[in-house]
Number of protein chains: 2
Amino acid sequence: MKLLHSKPFLSLSFFFVALFLWMMPTPEGLKPDAWYLFVIFFTTIMSIILALLPIFTASILAVSFAILSNTMDVGAAYGGFNKSFILLIIAAFLVARGVVKSGLGKRIALHIIKKFGKSTLGLGYSMVATDMIIAPAFPSNTARSGVLYPIVESLAHDSGSKIGDHTQKKMGSYLMMNSMAGITISSSLWLTAMASNPVGAGIAAQMGVDITFSSWFQAAIVPALSAFITIPWLLYKIFPPELKETPEAPKKAQDELERMGKMSRNEWITGGVFVSMVSLWALSATLGLDKTAIAFGGLGILMISKIFTMEDMKTQGDALSTLVWFAILYAMSSELNRLGFMTYIGEGIAGELVGMSWQLVYLVLIVLYVLIHYLFVSQTAHMLALFGVFLSVGIDAGVDGELLALMLLFATNFNSVITPQGSSANVLFAGSGYLTASEIYKNGGIVTLANTVIFLTIGTFWILLIN
Amino acid sequence: MKLLHSKPFLSLSFFFVALFLWMMPTPEGLKPDAWYLFVIFFTTIMSIILALLPIFTASILAVSFAILSNTMDVGAAYGGFNKSFILLIIAAFLVARGVVKSGLGKRIALHIIKKFGKSTLGLGYSMVATDMIIAPAFPSNTARSGVLYPIVESLAHDSGSKIGDHTQKKMGSYLMMNSMAGITISSSLWLTAMASNPVGAGIAAQMGVDITFSSWFQAAIVPALSAFITIPWLLYKIFPPELKETPEAPKKAQDELERMGKMSRNEWITGGVFVSMVSLWALSATLGLDKTAIAFGGLGILMISKIFTMEDMKTQGDALSTLVWFAILYAMSSELNRLGFMTYIGEGIAGELVGMSWQLVYLVLIVLYVLIHYLFVSQTAHMLALFGVFLSVGIDAGVDGELLALMLLFATNFNSVITPQGSSANVLFAGSGYLTASEIYKNGGIVTLANTVIFLTIGTFWILLIN
């Protein structure tokens with residue numbers, strides 16, 4: 001039995017499975033390149049889930065193999081690196097370092113600890129609540145993750161939970177995973193909390209289903225609040241922080257705040273930059289501003305002010321590895337989609353559903369829509385590829401259009417922690433060093449299961465009730 | 001007088017010059033965007049030359065401003081990040097770390113020191129000679145820089161010259177600058193030592209000037225050897241290493257080699273990976289392989305073998321800043337070119353040359369062709385933008401076609417250290433930490449001047465003699 005779990009054995013079996021899939025004849029109806037790319041992508045993801053390789057190593061080997069085997073051309077393979085929303089992650093990553101280094105992150109964290117810091121669970125709830133409250137003003141959940149991330153990092157630091165000294169599990173790992181999971185809820189709650197939500201509503205409108213800001217919110221509020229109550233507690237049980245009760249923390253935070261005294265020059269500048277950035281991010285859709293350019297500008301000002309320096313830059317290798325793996329996996333998933341693999345799967349599913357009751361069709365569609373997110377490295381790409389197909393299949397089978405449209409769009413958000421790369425909003429947390437890829441797969445999988453159950457039961461019941 | 005050199009005064013004056021240029025009416029014949037982008041680019045480059053800002057900070061502020069002022073659209077502004085040859089720099093950077101860490105770099109360096117290590121100048125010459133010998137097999141000088149860089153870094157380390165502990169000037173800064181300058185010579189020497197050389201020969205052929213592998217080499221050998229004799233010595237004088245004579249170094253290297261004993265497992269693996277990578281790079285044009293995919297594959301193998309680890313990755317922030325600044329400056333220069341700024345300048349020059357003697361036209365064309373490289377962030381882009389224009393202007397004015405074509409193509413290579421971003425082959429050295437951007441501007445400027453004088457005098461005389 002031990003042999004079965006040993007890494008060399010696992011790696012070898014894994015290698016033969018991959019080889020077998022590669023040698024298999026291409027399934028009918030698929031382009032050979034789509035099949036080969038699927039095998040590469042699947043192998044990559046599995047090697048990460050099974051913790052055979054770090055996500056960075058798996059990704060660079062995958063892109064190398066995909067190009068050298070002529071499965072992907074160079075343009076497609078490197079096509080993730082110049083995407084603004086991917087570069088935004090890097091810029092936000094570096095700005096977050098500045099916020100932490102300036103002391104401002106610490107000050108905000110201490111204020112939060114003063115109020116909610118009696119227990120780690122309390123901190124977890126307070127972070128998700130903050131996210132849900134600011135979400136309607138942030139049509140980019142990536143940008144929102146850039147706001148939350150430095151605060152979560154400072155909370156962890158100030159609770160003595162750091163990376164590199166084996167204290168990451170004290171509190172940081174839980175808080176990172178919890179905030180990442182929180183974004184699934186905050187993005188489901190508001191039509192404007194995620195860029196692809198209004199796009200999805202637009203597609204639904206073309207199919208005769210009208211979704212407005214308030215109808216979305218009315219439908220989402222009950223399942224989203226249920227998920228809000230459940231998820232931080234669930235993670236606390238399945239992925240417990242070592243430090244649970246900290247009754248003395250609020251008092252300590254108060255003392256520490258007094259010791260810190262007034263805000264320093266660096267904190268004022270960082271605060272000004274951060275508030276300007278966040279305001280411009282919130283207004284970026286209206287004003288037509290590129291969020292990444294805003295972040296680069298903010299970072300530049302922190303650098304001119306010597307708050308974040310070239311010396312600090314030297315140790316930001318994690319930002320580079322994050323850029324590389326995310327850009328590669330994103331490009332592979334996009335190409336898989338472009339080659340028709342996703343619609344092939346979607347149409348295959350539709351074919352299987354003929355003759356089922358609408359309830360069963362509804363259930364199967366939602367569950368498959370959630371699970372298929374293992375293949376996607378972007379919520380928007382997933383929604384654009386499959387929302388329309390799934391919605392029309394369901395309506396044809398007699399499912400209520402509004403119910404199905406809303407649930408699929410909620411699912412677009414609540415499935416996003418099923419993998420580390422499932423959303424660009426995950427990536428800062430996934431790259432924080434507090435979480436391994438396999439921890440995210442495991443806990444993200446459980447959170448996604450819980451979300452799916454909550455939305456399918458409470459959510460469905462509630463939507464049918466109010467309509 | 002002191003005020004004039006103080007940074008705040010300089011920064012302020014600089015700001016007003018930039019503002020004045022920005023407010024100026026667009027020169028006739030230029031698109032407004034071309035002019036605005038030129039002002040941004042010029043300001044960025046000047047702020048780097050004057051050491052007002054690090055190259056990374058200047059670049060992110062520039063891209064932020066260019067996008068937010070609507071001078072560049074997002075696609076163009078981030079268009080450098082997905083270029084294979086730019087990602088190659090990053091992959092080569094990380095592979096170089098593996099070569100150094102494995103001990104293989106140290107071993108190769110010790111062998112070189114054993115043979116040539118009596119003086120720093122001897123090491124300088126031996127590195128440039130190595131480069132010139134391997135160059136005909138490397139149509140990518142970026143890939144070649146990836147071969148040389150880890151060896152130069154190990155040479156510096158083993159001579160006790162490191163970054164971070166104020167010993168970088170002992171030897172490393174000189175060796176880095178010298179190898180970067182050496183690539184200008186090795187790339188001029190062979191038709192196949194640089195990707196754009198055969199492309200330029202193709203353009204010349206369309207204009208009736210035939211250049212072959214051997215005619216190129218015959219023309220280049222005398223000026224290139226003259227530059228080879230001059231440049232390492234010149235840099236030794238103007239940018240001296242602190243450690244000059246090391247008569248005991250070869251004996252020490254011999255002892256150290258004996259102490260190291262046989263090659264370790266990690267050295268064997270790294271050696272295998274490095275030799276395979278280098279061979280595939282050399283064959284990449286013939287076999288149609290992407291050099292970056294080869295490098296990612298090699299890096300992946302080093303990571304699977306735990307020679308380069310995710311822990312090592314954390315400290316590779318310099319690779320990230322290098323990627324960011326180079327991608328940004330490259331995109332700006334490309335866009336400036338696309339908007340017609342470069343041909344505008346070229347045509348302006350052509351207009352001024354009417355009625356001059358062919359000798360003067362020849363001189364002016366070459367000097368301007370060299371100087372204009374301040375605006376380019378790619379040797380190939382420069383060649384493609386201006387080689388044809390300059391060649392036809394010169395031929396019309398009575399300059400011998402072969403002489404001018406050869407000299408312009410030599411200049412495409414020997415001007416490439418005029419700025420840190422002047423060639424992708426510079427970037428590893430520029431990002432090494434051993435050199436500041438302003439040191440590269442200063443010493444690179446002097447090297448370019450020396451190259452220009454050598455090629456224009458000895459080179460011109462020689463070419464006229466053999467034809």
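Small disclaimer: the values here were computed from a predicted structure and weren't measured.

Q: Could you give an account of the relation of the copies chain A and chain B, with specific residues and numbers?
A: Note on the identical chains: chain A maps onto chain B by a rotation of 180 degrees and an axial translation of 0.0 Å, with an RMSD of 0.0 Å. Read as a symmetry element, the transformation amounts to a two-fold axis. Most of the interface of chain A is mirrored in chain B: 100% of its interface residues are interface residues there too.

Q: How would you summarise the interface of chain A and chain B if you had to cite specific residues and measurements?
A: When the parts of a complex come together, some accessible area is lost, and that lost area is often taken as the interface size. Contacts between the two partners involve 42 residues from chain A and, on the opposite side, 42 residues from chain B. Area buried by chain A at its contact with chain B is led by A:Tyr78, A:Phe296 and A:Leu320, which between them contribute 18% of it. For the pair chain A and chain B, the number of links is 2 salt bridges. Residue A:Lys314 pairs with B:Asp318 through a salt bridge whose shortest N-O separation is 3.7 Å. Put simply, chain A and chain B have 10 residue pairs in polar contact (both at pLDDT 80 or more) between them. Going through the elements one at a time, helix H4 (55–68), helix H6 (84–102), helix H15 (291–304), helix H16 (310–313) and helix H17 (317–338) of chain A are the ones with two or more residues in the side of chain A that touches chain B. Of all the elements, H15(A) adds the most residues to the side of chain A that touches chain B, at 10 residues.

Q: Give a detailed account of H4(A), specifying residues and quantitative values.
A: Residue and element names in this part refer to chain A. A rise of 1.5 Å per residue sets the reference length of H4, with its 14 residues, at 20 Å; its end C-alpha atoms lie 20 Å apart and thus fit the reference within 8%. Counting buried positions along H4 yields 11 of 14 residues, so the element is predominantly enclosed. Positive phi shows up at Asn-70, right after H4, with a value of about 60 degrees.

Q: Could you give an account of the packing of aromatic side chains, naming the residues involved and the relevant values?
A: Centre distance and the angle of the planes are the two values used to describe a pair of aromatic rings. Summed over all chains, the structure comprises 44 aromatic pairs over all chains. For the pair A:Trp22 and A:Phe65, a centre-to-centre distance of 5.2 Å together with 65 degrees between the ring planes defines the contact as edge-to-face. Of the two residues, A:Trp22 sits in helix H2 (residues 7–23) while A:Phe65 sits in helix H4, which places them 43 residues apart along the sequence. Ring centres of A:Tyr78 and B:Phe296 lie 6.5 Å apart, and the angle between their planes is 50 degrees; on these two criteria the pair is classed as tilted.

Q: Break down the side chain of B:Ser47 for me, with residues and values.
A: Residues and elements named next belong to chain B. Considering the arrangement of structural elements, one finds Ser-47 in helix H3 (residues 32–49). For Ser-47, the side chain forms a polar contact with the main-chain oxygen of Thr-44, separated by 2.8 Å. In contact with Ser-47, other than residues within four places in its own chain, are Phe-14, Leu-52, Leu-53 and Ala-58.

Q: Can you tell me about the packing of helix H9 (residues 141–158) of chain A against helix H14 (residues 265–287) of chain A, naming the residues and giving the values?
A: To describe two helices that pack against each other, one gives the angle between their axes and the distance between the axes. All names here are of chain A. Packing of H9 against H14 leaves a shortest axis separation of 10 Å and a crossing angle of 155 degrees. Here H9 lies roughly antiparallel to H14, going by the angle between them. Of the two elements, H9 crosses H14, and the hand of that crossing is left-handed. Contacts from Ala-143, Gly-146, Val-147 and Pro-150 in H9 reach Phe-274, Val-278 and Trp-281 in H14. Considered class by class, the residues forming the contact of H9 with H14 number 6 nonpolar, 1 polar and no charged.

Definitions and limits used
Residues numbered from 1 in each chain as written. Chains lettered and ligands numbered in written order. Predicted model: local features only at pLDDT ≥ 70, side-chain atom pairs only at ≥ 80, totals over all residues. Heavy atoms only, no water. Least-squares fit on C-alpha atoms with pLDDT ≥ 70 in both. Contact = heavy atoms within 4.5 Å. Buried area = accessible area lost by both parts, 1.4 Å probe. Salt bridge = Lys/Arg side-chain N within 4 Å of Asp/Glu carboxyl O. Polar contact = N/O pair within 3.5 Å; in protein donor to acceptor, adjacent residues only side chain to side chain. Helix = DSSP H or I, 4+ residues; strand = E, 2+ residues; numbered from the N terminus. Expected span 1.5 Å × (residues − 1). Buried < 20%, exposed > 50% of the residue type's maximum accessible area, 1.4 Å probe, protein only. Phe/Tyr/Trp six-rings, centres within 6.5 Å; stacked < 30°, edge-to-face > 60°. Axes fitted to C-alpha atoms, helices over the stretch in contact; angles between N-to-C directions. Parallel < 35°, antiparallel > 145°, perpendicular 65-115°, else oblique. Left-handed = near helix turned anticlockwise from the far one by under 90°. Nonpolar A, V, L, I, M, F, W, Y, C, P; charged D, E, K, R; others polar.

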